[in-house]
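Read off the chains here:
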Amino acid sequence: MTAPLPSGAAGFLARYAALRDVLPGDPALRDAAADAFRTGGFPGATRGRRSEAWKYTSLRPLADLRFQSQLGDASLLADDAITALLARVPTLDAPRIVFVDGAYHAELSTPPAWFARFAEQPDFGTLTWPDREPLVALNTMLAADGALLHVPEDTDAGVVELVHVSTDGAAAHPRHCIRLGANARLTVLDVAIGSGSYLHNPVTEVHVGAGATLTHARLQDEAPGAFHLATTYAGIAGDATYDSFTLTLGGRVARNEVHTLLAAPRATAHLNGAQLLTGSQHADFTSVVRHEAPSCVSRQTVKNVLNDHARGVFQGRIEVARVAQKTDGYQMNQALLLSPDAEIDSKPELEIFADDVKCSHGATVGELDVEQLFYLRSRGIPDAEARAILVRAFLAEALDAVTQETVRAALEASVERWWERQAA
Amino acid sequence: MPAVTETLDTVQSVTQSGYKWGFETDIEMDLAPKGLNEDIIRLISERKREPAWLLEWRLQAYAAWLKMEEPHWARVDHPKIDYQDLHYYAAPKKKPGPRSLDEVDPELLRTYEKLGIPLKERAILAGVDPGEAEEAARTPVAVDAVFDSVSVATTFRETLRKAGVIFCPISEAVHDYPDLVRQYLGTVVPVADNFYAALNSAVFTDGSFVFIPKGVRCPMELSTYFRINARSTGQFERTLIIAEEGSYVSYLEGCTAPMRDENQLHAAVVELVALDDAQIKYSTVQNWYPGDAEGRGGIYNFVTKRGACRGARSKISWTQVETGSAITWKYPSCVLQGEDSVGEFYSVAVTNNHQQADTGTKMIHLGRGSRSTIVSKGISAGHSNNTYRGLVRIAPQAAGARNFTQCDSLLIGDQCGAHTVPYIESRNRTAKVEHEATTSKIAEDQLFYCRQRGLTEEDAVGLIVNGFCKDVLKELPMEFAVEAQKLLAVSLEGSVG
């Protein structure tokens, strides 16, 4: 390795200066993104500059860290440590695509025929906003690889596992694209794991074609020292469904940001999730649903279970444009605070410009219901066990939203392992 | 009558009933030169023969204001305000101030008469004129009338004084009760709290001062009626209400302004302090001129209202009916410091034509067992935008705190917008926070039901809207509730059909 890079944003910009000529894709786009990132920097890292979108999450800790970015194929990295990490990934009877530190790992993968790589077909897509989102700018500037999952029309592509493994000290900016042709079906289990302290900054662009259905389940089980900052942009065509669920278990600072565009009549989006946080973890679930066509449906339930000093953040906005009559939007955010030092910040937002709509949101914050607890205790169940039963019930309700059974089983197993870790 | 004339008459009557408070009073005014600088502040302070500490306080606020920027986070849109193009002091001539109602300029009395606020010591609110016998049976209301920059009359002062209640213009309180004013002024809304509060602190001219001593239940409703009349002025009133231990007061506020094509600025600050077991009920019917159907003119209502529940079991309740103003930027809030203190916010905000309202509340829970309730009803019609923006914050020490929030929006027509932006921050697990919001339009079946019973569409909408707002309207004192219901109907005129 050459001389160490500067820390924070300057380090990434220096990295870009060195790699500019070898990175795939349109350099003009990357240059523009680099300018945006230079101007924006990490949210919260510049004193006196506040951003409403990042009101409750600061990336100040990132500004002091140095990372390496891996370039090219990752096959050399296949070692026992990675194999051990992969053992934590739920095993489905399905094709598996593995990335290590942002690069495709052929040896560990069993890809479907329609899989392609960003490194070979670089395309930055049409939905993302590097000029508005500093992390998308960072990704656009440095993305070297990613998964392109293009399912042809009228095809049921079953289930595929997309796994990203991070190693200590790495910064990965994978650029994924999932595209479903008309009436196609696909289920993606998107898993993020790793060890040590690292940055995983994926950007995923999703296009669900007319009448198609994409089930997008994410399991974020990163290492305790990780920064996981995922941004997804989904465009949903008429009569199509984007059904997503994000289970957040890991990371030091995590943010799952989803922008959904309901672009044609009768499109449906489900943006559900659960965040289970302990220690001093900070996890942020931010979503924007744009209803830009009539008769679309959006549903969202996000649950937080917060222990120790953990801090959960939920920001959800439903935007209903003038043309989007007959919109049906629902949003619910619930938080269970299990310790005196846990914190929840919740901001559900409605922005409505059409009159014939049915939109509602709700939020509840509190500890376990003492009456429910009393009920269980009165039946002889010890306090700790009674509490565990109630938390499980609270979570089970969230996971019910995952309708694809194998995927739900995999997520439930991960929650189970999370419980075991808490007990240990 | 020829059809054309008839049409013209109808059109005229509709426009006039749209805002019947829009007349102008021709009265000789004492105006400060336009512009804002230290000299103007000194001039205001001098006119009011203020003590040195208050001038110092104003200058401090001005210095802070110069360094501040206008807030841009609200969903409101307006051309840049030229703060140098305003008169910061406008008072009807014939000073020094009248000591009794007989000395008040008859022109002013006529103005208030026209507004339905007769400044007589047998006055009651709303335009109802009861017979003598009936009148005696009614609870009287004490009124402080603020005309542009100064208070022109305060009724029932003697009766109140006997009960130990102080109700007078704040400019007088500065002279008569300097220690009280000094002790509390700026303690709830600090001089540099926000851009408009700092501006107000620098240039405020009048407003009401209320002090309810320990254990006293104020014998009548107190009311301030604000009137903007002069051209190119801003109104910057300051209200301070202190309720000592175990006391109770109900305070009402009303406001109107002439119809003009220019926008006028109203930047008030209201501070409430409730000590142990004290209760303050603050009701507002905000009816500033909203501008015409094309969005020309109207008041910019940028107001900071905050109450401190300092004492244990103290309670502050805000009820507001917001129908006027071109732009409303207003968040009546409660800082719940006392143990088991209670904050309430009941709001109806109606926007029509090109009005913009960004309003809501903040409930800051600091005391153990503090409770708050928020009920907000937003109604948007025409090309208007109506935003609820609220914060519920539970501090780590606020064990057992409780909040319930209900925000409902109603859209009438497809060119308006309704927005809900709540912030919920909880740092105590024993606190319970619940928030619910809905957005909908008037249901076809409800409308049909009313129509088939012979109501016109407009009356049916009025009825349904009143039902939608019932939870808030029932919190208003009776006279105000009647007024508010009429206002709702007027505000929504022309929004259907």
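Residues numbered from 1 in each chain as written. Chains lettered and ligands numbered in written order. Predicted model: local features only at pLDDT ≥ 70, side-chain atom pairs only at ≥ 80, totals over all residues. Heavy atoms only, no water.

This next bit is on the domain arrangement of chain A. Residues and elements named next belong to chain A. Domain annotation for chain A reports domain 1 (70–368) and domain 2 (369–424). Residue-level contacts link 30 residues of domain 1 with 24 residues of domain 2. Across the interface of domain 1 and domain 2, roughly 2200 Å² is buried in total on both sides, 74% from carbon and sulfur atoms. On the domain 1 side of the contact with domain 2, F245, K303 and L368 bury the most area, a combined 30% of that side's loss. (Domains from an automatic or database assignment. Contact = heavy atoms within 4.5 Å. Buried area = accessible area lost by both parts, 1.4 Å probe.)

Residues and elements named next belong to chain A. One non-glycine residue, S295, adopts positive backbone phi at about 60 degrees. In this structure, S295 sits in the loop between β16 (282–291) and β17 (297–306). With a relative accessible area of 31%, S295 lands in the partly exposed category. With phi around 50 degrees, D308 is a residue other than glycine that occupies positive phi space. With respect to the helices, strands and loops of the structure, D308 is situated in the loop between β17 and β18 (311–320). (Helix = DSSP H or I, 4+ residues; strand = E, 2+ residues; numbered from the N terminus. Buried < 20%, exposed > 50% of the residue type's maximum accessible area, 1.4 Å probe, protein only.)

Now for the confidence of the model for chain B. Residue and element names in this part refer to chain B. Here chain B shows a mean pLDDT of 85. Residues at 70 or above account for 88%. In this model residues 1–17 is a low-confidence stretch, pLDDT under 50, and it forms five contacts with partners more than four residues away in sequence or in other chains. Within the model, pLDDT remains below 50 along residues 122–138, and this stretch shows 24 contacts once partners closer than five positions in the same chain are excluded. What the predictor reports for the complex is a pTM of 0.88 with an ipTM of 0.88. (pLDDT = per-residue confidence, 0-100.)

A word on the environment of G169 of chain A. Residue and element names in this part refer to chain A. Position of G169 relative to the elements: it lies in the loop between β5 (156–166) and β6 (171–172). The exposure class of G169 is partly exposed, given its relative accessible area of 25%. Taking the C-alpha atoms as reference points, G169 and V302, 133 residues apart in sequence, are found 31 Å from one another. Those residues in contact with G169 that sit more than four places away from it in its chain are R66, F67, Q68, S197 and Y198.

We now examine the pattern of salt bridges. One pass over the full model with this rule turns up 49 salt bridges over all chains. The shortest N-O distance in the salt bridge between E52 of chain A and K347 of chain A comes to 2.6 Å. Here E52 of chain A, found in the loop between α2 (27–40) and α3 (80–86), pairs with K347 of chain A, found in strand β20 (residues 343–352); they are 295 residues apart in sequence, far enough to count as distant. Judged by its relative accessible area of 38%, E52 of chain A falls in the partly exposed class. Accessibility expressed as a relative area gives 5% for K347 of chain A, which makes it buried. Close ionic contact of R238 of chain B with E271 of chain B constitutes a salt bridge, the shortest N to O distance being 3.0 Å. With R238 of chain B in strand β9 (residues 238–243) and E271 of chain B in strand β12 (residues 269–274), this residue pair connects regions lying 33 residues apart in the sequence. (Salt bridge = Lys/Arg side-chain N within 4 Å of Asp/Glu carboxyl O.)

Below, the discussion takes up the packing of helix α6 (residues 383–399) of chain A against helix α7 (residues 405–423) of chain A. All names here are of chain A. Following both chains from N to C, one finds α6 and α7 inclined at 155 degrees, their axes separated by 11 Å at the closest point. Relative to α7, the element α6 lies roughly antiparallel. Crossing of α6 over α7 shows right-handed handedness. Listed contacts from α7 to A388, V391, R392, L395 and L399 of α6 are R408, L411, E412, V415, E416 and W419. Here the residues of the contact of α6 with α7 are counted per class, giving seven nonpolar, no polar and four charged. (Axes fitted to C-alpha atoms, helices over the stretch in contact; angles between N-to-C directions. Parallel < 35°, antiparallel > 145°, perpendicular 65-115°, else oblique. Left-handed = near helix turned anticlockwise from the far one by under 90°. Nonpolar A, V, L, I, M, F, W, Y, C, P; charged D, E, K, R; others polar.)

Turning our attention to the packing of aromatic side chains. Overall, the coordinates contain 26 aromatic pairs over all chains when judged by the stated rule. Taken together, the aromatic side chains of Y62, W65, W73, Y83, F195, Y196, Y300, F302, W329 and Y331 of chain B make up a single cluster linked through ring pairs. The ring of W419 of chain A has R392 of chain A sitting right over it, with the charged end atom 4.8 Å from the ring centre. When the ring centre of F204 of chain B is taken as origin, the NZ or CZ atom of R58 of chain B, which lies over that ring, is 4.2 Å away. (Phe/Tyr/Trp six-rings, centres within 6.5 Å; stacked < 30°, edge-to-face > 60°. Lys NZ or Arg CZ within 6 Å of the ring centre and 35° of its normal.)

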